[in-house]
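# Per-entry structural report
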Amino acid sequence: WHITTTISREGYTDMSKKENKEEKDTVLAEDAEKVAEDAAKEKVDEAKGTAADEGADKKAPDAKDAAAKAEADKAAKLQQQFVRLQADFANYKKRTAAEKLQISEVVKMDVITNILPVIDNFERALQVPQDKVADDVKSFIDGYEMIYKQLLGVLEKEGVTKIDAVGKPFDPNYHQAVMRVPSDEYDDDVVVEVLQEGYLLGDKTLRPAMVKVAFNG
């Protein structure tokens, strides 16, 4: 019995050792598996962190590029607005300058047109035969003539000239025919005599000349 018990104890001991060894192996295996899982998890976390960093790094330049593009677009729009304003202002200056010139020409024409009857009166006064004028009146006539010539000089400086009519073919742009008369000197529709002088301001007719026209029909 003693021998049997010893053997049994020895067999139990061996079995216990075997079981302990298996338990140790299992624990070691589990530990190794856990270590592997932890290592794998760390690698996954590292990979995620790297991807996030790369995404952030990529996102930052994209944001900077978008901001730079927005600033460039804004600057381009402002430049276009400035160019348009410059063009509008230049057109405004040209338009106002042309309007001022046109207004000044109209005012000048009106003023000179109102002066022409005064010129006519000077010419009528100076057409009086000098031999029929008393000596004490001649001095007044000489003064009239000086004023008349001075006034004509002022008008000439402003670009006013008399219309040359006698001997010229009748032109309704420059002549106003009030009579048709026979003439041995001129052909038909030629100005024979000027009854009232006509005037030009540059190339514009201030007042057509009042004339007699030849008609030999």
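That block above? That's the structure.
Treat the numbers as computed from the prediction; the structure is a model and nothing was measured.

## Observations concerning the sheet that holds strand β1 (residues 160-162)
Read across the open sheet, the 3 strands follow the order β1-β4-β5; overall the sheet is antiparallel. Each end of this open sheet is capped by a strand with a single partner; those strands are β1 and β5 (204-207). Along the sheet, successive strands turn relative to each other by an average axial angle of 35°, direction set aside. Pairing between strand β4 (residues 199-201) and β5: 3 bridges, direction antiparallel.

## As for the layout of surface pockets
If you add up the space inside the largest pocket, you get close to 180 Å³. Around the largest pocket, the lining residues are D120, E123, R124, Q127, V194, L195, Q196 and E197. Classifying every residue of the lining of the largest pocket by side-chain character gives 2 nonpolar, 2 polar and 4 charged.

## A word on the side chain of Q196
Assignment of secondary structure puts Q196 in strand β3 (residues 191-196). Here D120 takes part through its side chain, which lies 3.4 Å from a polar atom of the side chain of Q196. Residue contacts for Q196: discarding those within four places in its chain leaves D120, R124, R207, A209 and M210.

## Some words on the sheet that holds β3
Read across the open sheet, the 3 strands follow the order β2-β6-β3; overall the sheet is mixed. Each edge of the open sheet carries a strand with a single partner, namely β2 (175-181) and β3. Strand-to-strand twist in this sheet, taken as the mean axis angle between neighbours without regard to direction, amounts to 30°. In terms of strand pairing, β2 meets strand β6 (residues 209-214) through 6 bridges, oriented parallel. Bridging from a neighbouring strand, Q176 pairs with M210 of β6.

## Observations concerning the pattern of salt bridges
Under the criterion given, the structure shown has 6 salt bridges. Between E193 and K212 there is a salt bridge, and its shortest N-O distance comes to 3.3 Å. Of this pair, E193 sits in strand β3 while K212 sits in strand β6, placing them 19 residues apart in sequence. Here E193 falls in the partly exposed class, since its relative accessible area comes to 35%.

## As for unusual backbone geometry
One non-glycine residue, D189, adopts positive backbone phi at about 60°. Summarising the element assignment, D189 is placed in the loop between β2 and β3.

## Some points on the nonpolar core
Grouped together as the largest cluster of nonpolar side chains are 11 residues: I112, L116, I119, F122, Y148, L152, L155, V160, Y199, L201 and L206. Of all the elements in the fold, those that place two or more residues in this core are α1 (2-126), α2 (135-157) and β4. Once residues within four sequence positions are removed from consideration, Y199 is found in contact with L116, I119, E123, V160, T161, K162, I163, K204, T205, L206 and R207. A165, V191, V211 and V213 belong to the second-largest nonpolar core, a separate cluster that totals 5 residues.

## What about α2?
In this model α2 runs 34 Å from its N-terminal to its C-terminal C-alpha over 23 residues, within 8% of the 33 Å that 1.5 Å per residue would give. Looking at α2, one finds that the buried residues are I141, Y148, L152 and L155. Positive phi appears at G159, one or two residues downstream of α2, with a value of about 95°.

Conventions and cut-offs
Residues numbered from 1 in each chain as written. Predicted model: local features only at pLDDT ≥ 70, side-chain atom pairs only at ≥ 80, totals over all residues. Heavy atoms only, no water. Pairing = 2+ DSSP bridges. Helix = DSSP H or I, 4+ residues; strand = E, 2+ residues; numbered from the N terminus. Axes fitted to C-alpha atoms, helices over the stretch in contact; angles between N-to-C directions. 1 Å grid on protein atoms, 1.4 Å probe; cavity = no way out; pocket = protein on both sides within 12 Å on 5 of 7 lines; lining within 4 Å. Points joined across faces, edges and corners; volume = space filled by probe spheres on them. Nonpolar A, V, L, I, M, F, W, Y, C, P; charged D, E, K, R; others polar. Polar contact = N/O pair within 3.5 Å; in protein donor to acceptor, adjacent residues only side chain to side chain. Contact = heavy atoms within 4.5 Å. Salt bridge = Lys/Arg side-chain N within 4 Å of Asp/Glu carboxyl O. Buried < 20%, exposed > 50% of the residue type's maximum accessible area, 1.4 Å probe, protein only. Core = buried A, V, L, I, M, F, W, Y, C linked by side-chain atoms within 4.5 Å. Expected span 1.5 Å × (residues − 1).

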